[in-house]
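Spelled out from the first residue to the last, the chains are:
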Amino acid sequence: MAKIEWPAADRTALIGGRIARTDGLEKSTGEAKYTYDINLDNQLIAVALGCPHGHCKIITLDAAPAEKVKGVVHVELLQQPGAEIEWEGELLAVVAAESEGAAREGVARLREALKYEALDVFVDDDDLEAAQQAGRTSKAGDKVQIENEPGDDDDEDEFIDQEIARLLKESKHVVEGRYGIDAITHCCLEPHGSTVEWVGDKLNAFLSTQNVSGTDDGFAGALGVTADDVTVTCKFIGGGFGSKFAPDYWGIAAAQIAKKTGRPVKFMLDRDQELKLGGNRPSGYITVKLGADADGVVQVWDSHHWGTSGTRGGGVSQSVIPYVYQPKNFRRVATGIQTNTASARAWRAPNHPQGCAITQTAYDDLARVMGADSLEIFKKNLQNIASRQTAKIYGEEMDIAARLMDWKNKWHPHGKGEKNGSIVEGLGLAIHEWGGVANSSTATVRIHPDGGVSTFCGTQELGTGTRTCCAVVTAETLGLGVDDVNVNIGVSAYPISGASGGSTTIGAISESHRRASVAALNQLLAKAAPKLEADADDLEAVGGRIQVSG
C-alpha cells in the first residue's frame, strides 16, 4: 500500500520541478471570471452612500428622494436618524436600480437630502501628546525584563527606572531616536463585494473572498438561515491580503435586498469606499533608547510605542517590540490612540512589518553611531535570540543574502553614499520572523472508471498557485501528469478548507490532497492486485499505470 508520508526528493517526478500554472491560459486570455465579472440575468446594480464626515450624528436620512428616481427599485437604509457615525465613508444607505446610472442618481438624491450634526474629529495618530491632551489614548500594556531582580524593600517602578538609567549610563554606545510608519490602506485591484441571488430559500453568493469555506457561516448567521442554505463561490480573487475574510455588512445588505426584491443584486464597493472601508494596516510610532557594549551588542532597550487601529485604539502589538532580538534588559510601553477612522484589518503578517520598521531601524542607527557595518552589528546581536538554532539560521541567511548582493563591496558608512540631488543612496538591513497560524484542509479525490481524476476542496486561489499545487500533489501521488487532474476549488459546498492567511494555505491543501490521493490510490491498488497476481504492497502508480514496483 502507498504511504501517507511525502516521497524523498530524489523520488519525485513533479514536486520541486518547474510546472506551468494550470490557470495561466484562463487568466492571460480573460477567460478567468472574478466576482466583478459575474453578471446574472435580471440583476440589480447596487451603489452605496458613504458618510461625508469623519464624525457626525445623522439628523435626517430619507429614502424617498432616491425612490422617486426612474429605474430605482429599492433603497436599503443601513443607518437611522440619531445614529452616530465615527468615520468617513461608513455606508449609510444602498440604492439598487436597473442600471448603475440610476443607482448613482439615487445616491446623489440621498446625499442632497442628508442632514447631520458635525462632531469633533481626531485623526492625529502620530502625535502622542496631542492624543493625550484630547483624551484619545488608552494604555495598551507594558512589559519589563530586567536581569537584576529588585530587593524585597525596593519600590519596583523606581528600581526599574534606576536600573535602566544605570545600564544606559554604563553602555559604550547609546542610540536615541524616534521612528514611525503610517497607516496604509488596503487597495485590492478587485474591490470588496459580491453578486448574490436567492433560489427559493437558498442563497448563491459570488463573493470576492479569501475564505470560501467560512463565509457561508457569515451569511447564514446574519440572514437567519443555515450554512447549508448558502453556497459561496469564488473561483478567482483580485487581491485580499488579509482584508477579505468575511462577507461584511455590505455583502449582507446585498443578500437582504435580493430577498426583498426577488432579483439578483450586484454590489461592489467604489474605489473611494474601498480605500476608506476595505481595511488598513495600523500605524506605529516609537521613541526608543538603547545601549550597547563595545562590540555593538545591545544590553538594554527602553521604548514607548503608539499608533491606531481606528476608533478602538489599539495599534501595533507590544509582543513584537523589540523585533526578533530580545536584549537581556528591556522595557516596552504601548499606548493605543482612538482615531475617527475605520478599523484595521489583517495585512500580510499583521504587526510584523511595523515591528521591524520601528525597532530594527534603531539597530541600523547603532551601526551608524559606531561607524560599523550594519551586517556585522546585526550578526553580533544574534546572541540576543533565545533559540540558538533560530539564531544560527538567521546568520546563515544573512551570509547568503550578503553574498548574493555583494554586500561587502557595496557597503559604505552611513551618509557616505552617492548623492542624487537631496537623496543619498545607501544600503539597509532587516530580518523578519513569522510564526504563521494553524490551518486545516480537507479534500476529496475521485478516480473515475475511465481513469480520469477529479479533486474537490473548498479552498481558494489567491494567485499564489493553489490550484496548480493541488494538481501537482495529486498527480505526483497517482503517477499522472498535472493535466490529467481536474481540480475543483472555490465553492463552499466542497470539503471544508481553511481561510487563506498566515502563509499557510499551500501547506494545508498539499497535506489534504496528499492524504486523499493516497487513500484513493490504496483502494485502486487493492482492486488491481488480484488482476496483476501481486500483493497490493508490491504495486506502484507510475506514468499512468498500476504496475509491480520496478
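By convention here, each chain's residues receive numbers from 1 onward along its written sequence. Whole-chain, interface and lining totals are the exception, using all residues; otherwise, since this is a predicted model, local features are given only for residues with pLDDT of at least 70 and side-chain atom pairs are given and counted only at 80 or more. Remark: hydrogens and water are excluded; side-chain values derive from all non-hydrogen atoms of the structure.

## A short note on the sheet that holds strand β7 (residues 137-145)
Then, number 1: Pairing between two strands is assigned when DSSP locates at least 2 bridges connecting them. Helix and strand definitions here come from DSSP, where helices need a minimum of 4 consecutive H or I residues and strands a minimum of 2 consecutive E residues; each element is numbered from the N-terminal end. A sheet is described by the order of its strands in space; here five strands give the open sequence β7-β17-β16-β15-β8, paired in mixed fashion. Every other strand in the sheet has two partners, leaving β7 and β8 (173-181) as the edge strands with one partner each. Here the average twist between neighbouring strands, direction ignored, is 10 degrees.
Then, number 2: One ladder, built from eight bridges, connects β7 with strand β17 (residues 329-337); its direction is antiparallel. Across the sheet, residue Q145 finds its bridge partner in β17, namely F330.
Then, number 3: Of the strands in this sheet, β8, β15 (284-292) and β16 (298-307) are in contact with helix α9 (residues 352-370), which crosses β8 at around 145 degrees. What counts as an axis is a line fitted to C-alpha atoms, over the stretch in contact for a helix, and the angles between N-to-C directions run from 0 to 180 degrees. Throughout, a residue-residue contact means that at least one pair of heavy atoms, one from each residue, lies within 4.5 Å.

## Considerations on a negative patch on the surface
Then, number 1: A cluster of acidic residues, E149, D152, D153, D154, D155, E156, D157 and E158, forms a negative patch at the surface.
Then, number 2: Along the chain, E149 turns up in the loop between β7 and α5 (156-170).
Then, number 3: Since its relative accessible area comes to 65%, E149 is described here as exposed. Within the patch definition used here, like charges are joined within 9 Å and nonpolar side chains (Val, Leu, Ile, Met, Phe, Trp, Tyr) within 5 Å, considering only residues with over 30% relative accessible area and no salt bridge. Method for areas: the Shrake-Rupley scheme with a 1.4 Å probe, in which residue coverage is limited to the protein chains shown. Each reported salt bridge corresponds to a side-chain nitrogen of Lys or Arg within 4 Å of a carboxyl oxygen of Asp or Glu. His is not counted, nor are the chain ends; Lys and Arg add positive charge and Asp and Glu add negative charge. Charge positions come from single atoms, namely NZ of Lys, CZ of Arg, CG of Asp or CD of Glu. Accessibility here uses a 1.4 Å probe with only protein chains present; expressed as a share of the type maximum, an area under 20% marks a residue as buried, one over 50% as exposed, and anything in between as partly exposed.

## Re helix α13 (residues 466-478)
Structural remark: α-helix, 3.6 residues per turn; residues separated by three or four positions point the same way.
Then, number 1: One fewer than the residue count of a helix, multiplied by 1.5 Å, yields its expected span. Given a rise of 1.5 Å per residue, 13 residues ought to cover 18 Å, and the 19 Å separating the end C-alpha atoms of α13 matches this to within 8%.
Then, number 2: Turning to α13, its buried residues number three or more, namely T466, R467, T468, C470, A471, V472, V473, T474, A475, E476, T477 and L478.
Then, number 3: Taken together, the buried residues of α13 touch β20 (444-447), β21 (453-457), β22 (485-489), α14 (505-532) and β23 (539-542).
Then, number 4: At the exit of α13 stands G479, carrying a positive phi of roughly 70 degrees.

## Some remarks on the nonpolar core
In globular proteins that are soluble, nonpolar side chains generally tend to be buried together.
Then, number 1: Nonpolar cores were defined as sets of buried Ala, Val, Leu, Ile, Met, Phe, Trp, Tyr and Cys residues, with membership established by side-chain atoms within 4.5 Å. Membership of the largest hydrophobic core comes to 34 residues, with the highest contact counts inside it found for W301, Y325 and M398.
Then, number 2: Residue contributions to this core peak at six residues, all from α9.
Then, number 3: Not counting chain neighbours up to four residues away, the residues in contact with M398 comprise Y325, L375, F378, K379, L382 and I431.
Then, number 4: Among the nonpolar cores identified, the runner-up in size contains 28 residues, and L44, L203, F219 and V230 belong to it.

## Thoughts on the packing of helix α6 (residues 212-223) against helix α7 (residues 248-261)
In a pair of packed helices, the angle between the axes and the distance between the axes together describe the arrangement.
Then, number 1: Relative to each other, α6 and α7 sit at 60 degrees, their axes nearing to 10 Å. Here α6 lies oblique to α7, going by the angle between them. Between α6 and α7 lies a crossing whose hand is right-handed. Touching G218, F219, A222 and L223 of α6 are G251, I252, A255 and Q256, all from α7.
Then, number 2: We call Asp, Glu, Lys and Arg charged. Ala, Val, Leu, Ile, Met, Phe, Trp, Tyr, Cys and Pro are nonpolar, and the rest, Gly among them, are polar. Residue classes in the contact of α6 with α7 are distributed as five nonpolar, three polar and no charged. Angle categories are assigned with fixed cut-offs, so that under 35 degrees is roughly parallel, over 145 is roughly antiparallel, 65 to 115 is roughly perpendicular, and the rest are oblique. It is the rotation of the near helix from the far one that decides the hand of a crossing: anticlockwise by less than a right angle makes it left-handed, clockwise makes it right-handed.

## Digging into the environment of H55
Then, number 1: Relative to the helices and strands, H55 resides in the loop between β1 (44-50) and β2 (56-60).
Then, number 2: A residue is classified by how much of its surface remains accessible, and H55, at 11% relative accessible area, is buried.
Then, number 3: In this structure, the C-alpha to C-alpha distance between H55 and T226, residues 171 residues apart in sequence, is 36 Å.
Then, number 4: A distance of 2.6 Å separates the side chain of H55 from the side chain of E84, its partner in a polar contact. In protein, a polar contact requires one atom able to donate a hydrogen and another able to accept it; more generally it is a pair of N or O atoms within 3.5 Å, and residues adjacent in sequence count only if both atoms are side-chain atoms.

## Remarks on the pattern of salt bridges
Then, number 1: Using the criterion set out here, one finds 25 salt bridges in the structure.
Then, number 2: Between E170 and R166 there is a salt bridge, and its shortest N-O distance comes to 2.8 Å. Remark: R166 and E170 occur in helix α5; sequence separation between them is four residues, near one turn of the helix.
Then, number 3: Taking the shortest distance from any N to any O, the salt bridge between K289 and E176 comes out at 3.8 Å. On the criterion of sequence distance, the pair formed by K289 in strand β15 and E176 in strand β8 is long-range, its members being 113 residues apart.
Then, number 4: Judged by its relative accessible area of 31%, K289 is partly exposed.
Then, number 5: You can call E176 exposed: its relative accessible area is 63%.
Then, number 6: Salt bridges sharing common partners tie together R21, D23, K27, E461 and R467.

## Topic: the pairing of β2
Then, number 1: Of the pairings in the sheet, the one linking β2 to strand β4 (residues 84-85) comprises two bridges and is antiparallel in character. Bridging across to β4, C56 finds its partner in I85.
Then, number 2: Sheet analysis places β2 next to strand β6 (residues 115-118), joined by four bridges and oriented antiparallel. Along β6, the bridge assignment pairs I58 with Y116.

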